[in-house]
Amino acid sequence: MMQLHYEMDTRNEILRFAQTELTYYLDHLLGGTAEAQRMDIYLEVNSDEWDPVDDRYAICARASHIDIQGSNPRSVLLGVYRLLFELGCRFPLPGRAHEYVPQISLDSITVNLKESAAFRHRGVCIEGADSLENILAHIDWLPKIGCNSFFLQHLEPEAFLDNWYSHKYNPKLVPEELSNNRKQQIYQEINRAIACRGLLHHRGGHGWTSQAIGFHHACVRSGQKPSASVQRLLAEIDGRREYWNGVPSNTNLCYSEPDARRAFEETVVQYAQAHPNVDYLHVWLADEYNNICECDQCRATTPSDQYISLLNGIDAQLTASGLSTHIVLLLYQELLWPPIKEKLNNPSRFTLMFAPISRTFSRSYSQRGSIPPIPPYVRNKIELPHSLEENIAFLEAWQKQCPLDSFIYDYPLGRAHYGDLGYHHIAQIIWQDIRGLRELGLNGYISCQELRAASPNAFPEYVIGRMLWNPSQSFETLEEEYYSVLYGVHWQEICSYLTTISKYSSCDYFNGIGPRQDPSMEDLWKQGELFVSRNYPHVRNLLHTQTPLQNQMVSLLDYHAKYCTLLMRALSALAAGDNQTANLHWINFMEYIRNAELDFQPYLDVYRVLEVATKYTGFSLDMPR
Ligand SMILES: [Zn+2]
């Protein structure tokens, strides 16, 4: 047996997990040699020297001895994966089937390094349609690429599981009903996966307003009108107090009504008390915008001032209950305008989250022009900022008013990525954005995204993880590191093929930004389709796969080539304004991805690409929403 030494304290579940991971991979790396069995392994938390809040590790590894120290147990696990990386392991996509573990000899092990994470917050927020296996594989993958956080959006991740198990928008698959009991088991399994890795567990989001009035499902339409006792708590808009477009979780409350305030605060506090495993609780108001109360009392202040006052109320109750749960506040829609009078009483409890959902992905934050002044706030007549500069203006106004720990919550892999069919452009934007994060005064990045965002590969997300640990890495280094393990000796041809596909792509067009009828877009998509159909057969001939991973990635490229031609054909007709032809091509595309969904399940979220294309791009869905 290997000799293992780790601190015996309450945190040792994570250290034990780190040890299991290390022994598993060493066994594979070394082919189970007898010498490996005699290795001394020390996994320790060095809390005397290092602040546990930020991740750092020191690794010293020799043939006979491995010592990994971390600033907290999670950092020890991060150190284990870093050592494995130095020994040649690669983790290019979620799931063990996608890993590369070389054979090495014991005496080749010499690693000495000491590093700390460049950013405090590094992770992903769940979106899309996800099976339990998708979620577990993703949680497993995050620390392997250097991330430390997982955001299980809403109060429970029910909506994302339902999207998958009901096979929303894919009538070719047979829906599976999850019993409530089974859902509870799934939640527990997800919680355990986050906890045993020590990942920072984020929860919450928009569900609080509806939870406060007794409606427990996020984003779901209510079949009924609010009762009189609920109605008086709702925001008054155009003289009426109703569910906003029928959806309780998109409905704001009247935040000057004492009962509404009390219900909101109590809902959050009770949840925090019942979920001490949650590290960062996101307390946001209702989703949507221009849905703010217009009563006289609410008009006398601003939504952000009301928000800060609610947060102060929550903080006081959490302090009284002895809870250290962090609260994440959101800069988004109405809340982009900073408060005028109110201030947070206990800033150390709070983290600011900047969510520029309406930004463009055609260029990075680092390529910004001069920052304009923010427009005045006009109740229920706001327009969302579109340019990067307008978005940044709001962030800077908040930072002046409220200097707090903060991170960006960004969406490159939430919608925009479907418009970049080569995944190369969006990876480059992410790389540039993360290089420029410090300049924006932000200490991290949480990517709000589909978990199944890996067609043709997961390079964009890989770049997120690797850059958030160390933003000084060049794009070319990451490119070589990633593509060579997936595609072997001819990786450069694949890289250049995918780079060209990205040139014939438009994140913004797919995301609904810009006119739908546009001759330059028609031409772009047409050129793209021609490029793929002419060049893919040539690229395909070059590939000589050597590993099971490379085989799998090549079959994904085959699938992706047809995906590109069908989708680009539809997009080109849409941009030409020829809706009838666009629809015919669109139907072919839907048929193709629905039929193949199970074959390529971990790579493409069929529900989500159809949702985005029919909500934002301009195509029609052939079934009820
Ligand atoms: Zn009001």
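Look up: the structure comes first, before these words.
In this report, the structure presented in the accompanying data block is examined.

Thresholds applied
Residues numbered from 1 in each chain as written. Predicted model: local features only at pLDDT ≥ 70, side-chain atom pairs only at ≥ 80, totals over all residues. Heavy atoms only, no water. Helix = DSSP H or I, 4+ residues; strand = E, 2+ residues; numbered from the N terminus. Polar contact = N/O pair within 3.5 Å; in protein donor to acceptor, adjacent residues only side chain to side chain. Contact = heavy atoms within 4.5 Å. Donors = N, O, S within 2.8 Å, 3.2 Å for Na, K, Ca; no water. Tetrahedral: all angles 85-135°; square planar, octahedral: opposite > 155°, others 65-115°. Buried < 20%, exposed > 50% of the residue type's maximum accessible area, 1.4 Å probe, protein only. Pairing = 2+ DSSP bridges. Axes fitted to C-alpha atoms, helices over the stretch in contact; angles between N-to-C directions. Salt bridge = Lys/Arg side-chain N within 4 Å of Asp/Glu carboxyl O. Core = buried A, V, L, I, M, F, W, Y, C linked by side-chain atoms within 4.5 Å. Phe/Tyr/Trp six-rings, centres within 6.5 Å; stacked < 30°, edge-to-face > 60°. Lys NZ or Arg CZ within 6 Å of the ring centre and 35° of its normal. Expected span 1.5 Å × (residues − 1). Parallel < 35°, antiparallel > 145°, perpendicular 65-115°, else oblique. Left-handed = near helix turned anticlockwise from the far one by under 90°. Nonpolar A, V, L, I, M, F, W, Y, C, P; charged D, E, K, R; others polar. Right-handed = clockwise from strand over helix to strand, strands pointing away.

1. Thoughts on the side chain of H202
Take H202: it is sitting in strand β8 (residues 200-205). A polar contact is formed between the side chain of H202 and the side chain of H282, at a distance of 2.7 Å. Setting aside residues up to four positions removed in sequence, H202 forms contacts with S149, F150, F151, L152, Y280, H282, F407 and I446.

2. Points about the coordination of the zinc ion
Around the zinc ion, the protein supplies C254 (SG), C293 (SG), C295 (SG) and C298 (SG) as donor atoms, at distances of 2.3 to 2.4 Å. Bound by four donor atoms, the zinc ion shows angles of 106 to 113° at the metal and therefore tetrahedral coordination geometry. According to the relative accessible area criterion, C254 is buried, its value standing at 5%. Using a relative accessible area of 1% as the deciding quantity, one classes C298 as buried.

3. Let's talk about the sheet that holds strand β9 (residues 280-283)
Ordered by their spatial adjacency, eight strands build a closed barrel running β6-β7-β8-β9-β10-β11-β12-β13, and the pairing between neighbours is parallel. Direction aside, the axes of adjacent strands within the sheet are offset by 25° on average. Most of the contacts of helix α11 (residues 303-320) go to strand β10 (residues 326-331), to which it runs at about 175°, and overall it touches β9, β10 and β11 (350-354).

4. Thoughts on the pairing of strand β2 (residues 40-45)
Where burial is concerned, the two faces of β2 differ: the one with I41, L43 and V45 is buried and the one with D40, Y42 and E44 is not. Relative to strand β4 (residues 65-70), β2 runs parallel, the two sharing six bridges. What sits directly across from V45, in β4, is G70.

5. Observations concerning the pattern of salt bridges
Considering all chains together, one arrives at 36 salt bridges under this definition. Taking the shortest distance from any N to any O, the salt bridge between D140 and R197 comes out at 2.9 Å. Here the residue D140 occupies a position in helix α4 (residues 132-141), and R197 occupies one in the loop between α6 (180-196) and β8, the gap between them amounting to 57 residues. The residues D140 and R197 share a single accessibility class, namely buried. The partner of E389 in a salt bridge is R363, with the nearest N and O atoms 3.4 Å apart. Linking E389 in helix α12 (residues 388-401) with R363 in the loop between β11 and α12, this pair joins segments that are 26 residues apart in sequence. By relative accessible area, which is 27% here, R363 ends up partly exposed. Where salt bridges share partners, they join E21, R96, E99, D140, K144 and R197 into one cluster.

6. Considerations on the nonpolar core
General note: in soluble globular proteins, nonpolar side chains tend to be found buried as a group. By size, the foremost hydrophobic cluster in this structure holds 212 residues, and its most contacted members are F150, L329, Y409, Y563 and I593. Not counting residues up to four positions away in its chain, the partners in contact with L329 are V283, Y307, I308, L311, L344, F350, T351, L352, M353, W398 and L404. Counting residues in hydrophobic clusters, the runner-up holds six residues, among them A235, I237, C293 and C295.

7. Brief notes about the packing of aromatic side chains
In total, this model carries 32 aromatic pairs according to the counting rule given. When the ring of F151 is compared with that of Y409, the centres are 6.0 Å apart and the planes differ by 50°; the resulting orientation is tilted. Placement of F151 in strand β7 (residues 149-153) and of Y409 in strand β12 (residues 405-410) is noted, with a sequence separation of 258 residues between them. The exposure class assigned to F151 is buried, which follows from its relative accessible area of 0%. Among the aromatic side chains, those forming a connected cluster through ring pairs are Y559, Y563, W586, F589, Y592, F600, Y603 and F619. Over the ring of F85 we find R90, and its NZ or CZ is 3.8 Å from the ring centre. The ring of Y509 has R516 lying over it, and the distance from NZ or CZ to the ring centre is 4.0 Å.

8. Quick notes on helix α15 (residues 475-487)
The end-to-end C-alpha separation of α15 is 18 Å, in line with the 18 Å expected for 13 residues at 1.5 Å each. Of the surrounding elements, those touching the buried residues of α15 are α3 (73-86), α13 (424-435), α14 (459-469), α16 (491-503) and α19 (548-575). Note on α15: the residue one or two positions beyond its end, G488, has a positive phi of about 75°.

9. Observations concerning the packing of α14 against α15
Put simply, α14 and α15 touch, their axes get as near as 11 Å, and they point 125° apart. With respect to α15, the element α14 is oriented oblique. Crossing of α14 against α15: the hand is right-handed. For the pair α14 and α15, contact is made by F459, Y462, V463, R466 and M467 and by F475, L478, E479, E481, Y482 and Y483, respectively. Classifying every residue of the contact of α14 with α15 by side-chain character gives eight nonpolar, no polar and three charged.

10. Quick word on the pairing of strand β6 (residues 121-127)
Of all seven residues making up β6, seven are buried, and the element is well covered by its neighbours. Burial along β6 is two-sided: H121, G123, C125 and E127 and R122, V124 and I126, pointing in opposite directions, are all buried. For β6 and strand β13 (residues 444-450), the ladder comprises seven bridges, and the chain directions are parallel. Across the sheet, residue I126 finds its bridge partner in β13, namely Q449. Pairing of β6 with β7, which is carried by three bridges, proceeds in the parallel orientation. Within β7, the residue paired with G123 across the bridge is S149. Taking the sense of rotation as the criterion, the β-α-β connection linking β6, α4 and β7 turns out right-handed.

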